[in-house]
Each structure stands twice: as structure tokens, then as C-alpha cells.
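Descriptive structure summary
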Amino acid sequence: MTDNFYLDNLDLQFRLERLELQDVIDLKEKGYQYSQEYPAAPRHYADAKDNYRLLLEVLGEICARVIEPRAAEADQEGAHYEDGQVTYTAATQEGLLALKQADLMGAMLPWEYGGLNLPESVFQMMVEIVSRADAGLMTVFGLQEISAAINEYGTPEMKSRLLPRFSQEGASGAMILTEPDAGSDLGGVQTKATLDEASGKWYLDGVKRFATNGCADIQLVLARSEAGSSDARGLSLYVVERDETVRIRRIENKLGIHASPTCEVQYQHTPAELLGKRRYGLMRYAMALMNGARLAVGAQAVGIAEAAYREAYTYATQRHQFNQPICDLPPVSRMLSSMRGEIEATRALITETARWVDRMKVYEQLSEGSATPDPALRQKLKQASNLAETLTPLTKYYASEMGNRVCYQAMQIHGGVGYMREFNVERHYRDVRVTNIYEGTSQLQIVAATGKLLGHALDVMFDEWAAVDYGAELSDLKDRLIEETVQFKAATDVLKAKQRELIDYYASDLADMAVYLVNSWLMLQDGCVSERKRELARIYIDEHLSQVEGARQTIMNAGSAALEMRASIFTIA
């Protein structure tokens, strides 16, 4: 039994040590001037890295000693619903209180609002650690990230009133978008926002569904502000401080993450405040929120996968069959090595994506705060935005699918006992299943990435990586990756020339090629650091380049037969 979920994770420590964010942190800390006013603020970049390491250690201890030991209890008990009121389990409340007392709430808020001013990259490491301990509690903790949207788009009065509630009081947050008839197609949202012209106040009426932590104190709600509109251009985003006009009609009876209440919420002429500008609700604000949430879901999947892998590895070393521990049996050892490679590749992918998101955010702030446009800054912002917007959906897609594969294999290694509720792997298997559904299904992530991929958005990054010298020991892997990257670019152009319906049909193959190549290059870079990483890179690349080649062959042979025969193929009567 470990007593710290950060200190026992060498790969997570490896990611923090290799995190290259000095340009971002220098800007976020305003040249480290904050340290003159806030004692906890870093004095220089090395000090910032030390701060991040310390807070991850504190979080790791809370997760190992307080949260994880009661996770099974929280899962079995589940969130409570009675007379319109939702209550977290006692275990969840204890975990949240421990996080609050350790001053870990409002992690991404600026110092002036009581936050820790963390970059996205470090926050996602926190999300992973909490998810490993209890995936249900993570959704409550992680949704505090809505405070970052209020900080970015809110008025000074709104920020000074609401943001300290997150950081100092531990107020809960929720992002409430989905409706019974508007799920993936959020442009169809019908919750009505009405402006009282006399008072200048907004009121919301409507029903929302599948609202994660929908009982939260502070909510961001997507609603239709423009009468007569029927598409995304008529939607705005509102801040709601929950009161008696917000009715929780029910909580869902779910497969997993039982400690996290998923609510059906009714707004009954609920007072609300417009966030930012009218009509920007979905296309700008909600999409920005969802991109942050998609990264967090990816980190959640990695945390659950890490927990499942450790359960499987421990069981495989202790369980003896055929006069040996089952971890020595080749089929089992292959599963374990594949799981380990996928987890570490995904962790590298999330860190890389978050790094570009961090850069995009600081470059946007600099650009908006500059009276005269700087061509060099504009170019940096363009590159960072392009990569962040391409990598984010790919990361959510791959991480959530990876988490499901790893938990499946972890249960398989346990055999029959893994199917029993007495073993934690059964809970991980249930919890991870939602990650490739909520915050946009895997299929929607592919749709989000396809346009960028067809525009060769990753080429600059691939070319930069291909120009690096990885040493003689890794030269063969580099040559293979260069060849497959060339083939990927060619396959992209072949698919781009197809009709729209065929592009959509084969888009998943293009996404698979892209994400496996990105991961392979990242693993190759890690392979320069240690012998263990070098061996893991070889295993991962050997396993997944064949999948890249298979996806390429599918694209090259793409035809319309499957589409033309849909009616006869799908017939069941």
C-alpha cells in the first residue's frame, strides 16, 4: 500500500521534470512580480517547478491516504438524492475537505483571487492523481476549472465576487450544456434566457440533462438568448448561483463514477448573469470550456488506467498457476507491457497537448493586451492555436479509448475474480467507460480533428521532430517513423480528395494514424533519456506502427461500397 500517489509514480515525476514551460510561466507570473505581494508565488522558473513538485506531493499524499482508501465505499454508497436535494457521500465530503484544507482548490486561478496560478499542464497532472484515487470525486474537483472561464470572460465585479468562493470556500462548479433533445448537437439548445429590460437582469427557464455535478453552487449554463433563433448563433452563456429556483429533478442511476451526481436540472425563472458577450455562448465560450474538459477527461482516463494497471500487475505477481506467477506467462506479460506502454505514451501526449494549450492562452492574453499587433506574436499564437486545437480532440479520443483497453486487459488478467465487486478492477472497468462518451464521444472528437488533419496541421511538428538526432541506438526507429510520417501525409491527401461522406466514413483511420505517430515520436524522444524508456519506446512503436500501416491501407483502398450498401447491410427484418 503506497502512501503517496505522486512519489510512487516515476513516470509522472519524469513528465514534470521534463516540462518545458519557462516562456509560459515567465508570462503567467508577470516576470515573477507576484512574489513581491504573494509569499507563495515563485521568484523564478526553478522556484515555480519546485512549487509544482511540492503541491503534487501534497495532493499525492491526500489521494493515497484519505481519498483512495474510501473510494470503494463512495462507489457503493453513491451520491444521495432526496426531496430535490443532492448530497455527496461522506467519503467524498471528507476528500473534498482535505483538498480544501490543503489549499488545493481554485488551482488555476490567479494569485489575486486566492488561486495557485497553475498552468494547464500541471493542473492535468493533478486531475490524473485524483482520478487514480477516485474517478467520481475527480469530476467534482475537476469542474472547479469553470472558474478559469469566469476569470477569462467575466466582469471585474463578477470575478471579485465569485472567484474567491472557489479558491477559499471550495465552492463546487458545473458546466451545464446538454438537454433532452440537444446532446451532441448543442446548437439545438432550447433553454430560454429572457432579459428584463426594466431591471437589466436575465432569467433562465428550461430543463438540462446529464449535468455532471449539476447540484453545484456555481454553474455555467448554455441558453438561447435570441428570440426566434434556431442555431448556435442564438446561444449565450450564463453564470447561475444556485438558489431555490434551480430544481434538481433526479440523479441518474449510472454504470460507474457513482460518487459523482449526474443531474436533471430545471431552471424556473432563475436569475442569471451573462458571461461575456451575447451570441458567443457556444461557438466561443462553451467550446473553450469543452476543450479544457476534454483534456481533463483524458487525464481522468490515464488516472483510472494507472490504478487498473497497478491492480493487474500486483495480482499477476501474486497469483500462481502452472507452478509460476502468471506475470511470467507470455500472454500475460505481453498484456502488461502493452498496458504500460499505452499509459506512458498517453501521459506524454496529454503533457504535450497541455503545453500547447498553455502557450495558446498566454499568447492570446498578450495579443489582446497589445495596442499594436506584433507579427512575431501573431505567428506564435497561430502555431500554438493550430496545434492545441488539433491535439486536444485527438488526445481525448486516444486517452479515453486507451483507458478502456487497459481496464479491459486489467480485468482479463484477474480472470474470474476481476468480475467480482470485491476487487477494485471491477470498479475501474465501470468508471472508465464513460470517458469516451461524455464531453463529446470518440466519434465527435474525430470529427473535431478531421479538418485540421486534412489541412496538415501536424506537419510542422512532425518535421521538427524528424530533424532531431536521437543517437545511433534509436536511428532505426527514427527511420521507420520518418517513413510512416511520409506515408501519413500522402494518405491525408488521398482522403482529402474524396467526397465529403467518404472522408467522414474513413476519418477514424486518419485519426488513428495521426495519434499513433504523435505518440511514437514522443516515445522516441523519451527513449533518449534512459534505457527503460528506450526499451518501452521500442515495444510501443513495434506494436503500433503496424496499426498505422493498417489504417493507411484502409484509406488507400477507400471505396463507396460500404456506404452504398448500408440499407441492405443494416436490415434486421
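Preceding this paragraph is the structure being described.
Please read these numbers as outputs of a predicted model, since none were measured by experiment. (Residues numbered from 1 in each chain as written. Predicted model: local features only at pLDDT ≥ 70, side-chain atom pairs only at ≥ 80, totals over all residues. Heavy atoms only, no water.)

1. Description of the nonpolar core
Soluble globular proteins tend to bury their nonpolar side chains together. Counting residues in hydrophobic clusters, the biggest one holds 158 residues, and the most contacted among them are Leu99, Met126, Leu204, Leu336, Ile413, Leu458 and Val518. Formed by 31 residues, the second largest nonpolar core is a distinct cluster that contains Leu163, Val189, Val239 and Met290. (Core = buried A, V, L, I, M, F, W, Y, C linked by side-chain atoms within 4.5 Å. Buried < 20%, exposed > 50% of the residue type's maximum accessible area, 1.4 Å probe, protein only.)

2. Details of the packing of helix H12 (residues 375-414) against helix H13 (residues 424-432)
The contact between H12 and H13 brings their axes to 9 Å, and the two run at 155°. Here H12 lies roughly antiparallel to H13, going by the angle between them. Along this stretch, H12 crosses H13, giving a crossing that reads as left-handed. Facing Gly403, Asn404, Cys407, Tyr408, Ala410, Met411 and His414 of H12, the residues of H13 in contact are Val425, Glu426, His428, Tyr429 and Val432. For the contact of H12 with H13, the per-class residue count stands at 7 nonpolar, 4 polar and 1 charged. (Axes fitted to C-alpha atoms, helices over the stretch in contact; angles between N-to-C directions. Helix = DSSP H or I, 4+ residues; strand = E, 2+ residues; numbered from the N terminus. Parallel < 35°, antiparallel > 145°, perpendicular 65-115°, else oblique. Left-handed = near helix turned anticlockwise from the far one by under 90°. Contact = heavy atoms within 4.5 Å. Nonpolar A, V, L, I, M, F, W, Y, C, P; charged D, E, K, R; others polar.)

3. Topic: the environment of Gly31
Summarising the element assignment, Gly31 is placed in the loop between helix H2 (22-28) and helix H3 (45-67). Given the relative accessible area of 52%, Gly31 is considered exposed.

4. What about the side chain of Ser520?
When you line up the elements, Ser520 lands in helix H17 (residues 500-526). Accessibility expressed as a relative area gives 0% for Ser520, which makes it buried. Residue contacts for Ser520: discarding those within four places in its chain leaves Leu481, Tyr540, Ile541 and Leu545.

5. What to know about unusual backbone geometry
With a phi angle near 50°, Lys30 is a residue other than glycine that sits in the positive phi range. For Lys30, the location among the structural elements is in the loop between H2 and H3. For Asn117, which is not a glycine, the phi torsion comes out positive at approximately 55°. In this fold, Asn117 is placed in the loop between helix H5 (90-101) and helix H6 (120-133).

6. A word on the packing of H6 against helix H7 (residues 135-142)
One can describe the packing of H6 onto H7 by two numbers: an axis separation of 6 Å at closest approach and a directional angle of 150°. In the crossing of H6 with H7, the sense of the turn from one axis to the other is right-handed. Of the residues in H7, those touching H6 at Phe123, Met126, Val127, Val130, Ser131 and Ala133 are Ala135, Leu137, Met138, Phe141 and Gly142. Of the residues in the contact of H6 with H7, the class split is 9 nonpolar, 2 polar and no charged.

7. A look at the packing of aromatic side chains
Applying the stated criterion across every chain yields a total of 12 aromatic pairs. The interplanar angle of 85° and the centroid separation of 6.4 Å between the aromatic rings of Tyr315 and Phe423 together place this pair among those described as edge-to-face. One end of the pair, Tyr315, is in helix H10 (residues 281-318); the other, Phe423, is in the loop between H12 and H13, and 108 residues separate them in sequence. What makes Tyr315 buried here is its relative accessible area of 14%. Look at Phe423 and you get partly exposed, because its relative accessible area is 31%. Considering the side-chain rings of Tyr470 and Trp521, the 6.2 Å spacing of their centres and the 40° angle between planes classify their relative orientation as tilted. Taken as a pair, Tyr470 in the loop between helix H15 (459-466) and helix H16 (475-496) and Trp521 in helix H17 lie far apart in primary sequence, 51 residues in all. Of the two residues, Tyr470 and Trp521, neither departs from the other in class, the shared state being buried. Members of the aromatic cluster, each reached through a chain of ring pairs, are Tyr153, Tyr280 and Tyr285. (Phe/Tyr/Trp six-rings, centres within 6.5 Å; stacked < 30°, edge-to-face > 60°.)

Structural measurements only, silent on function.
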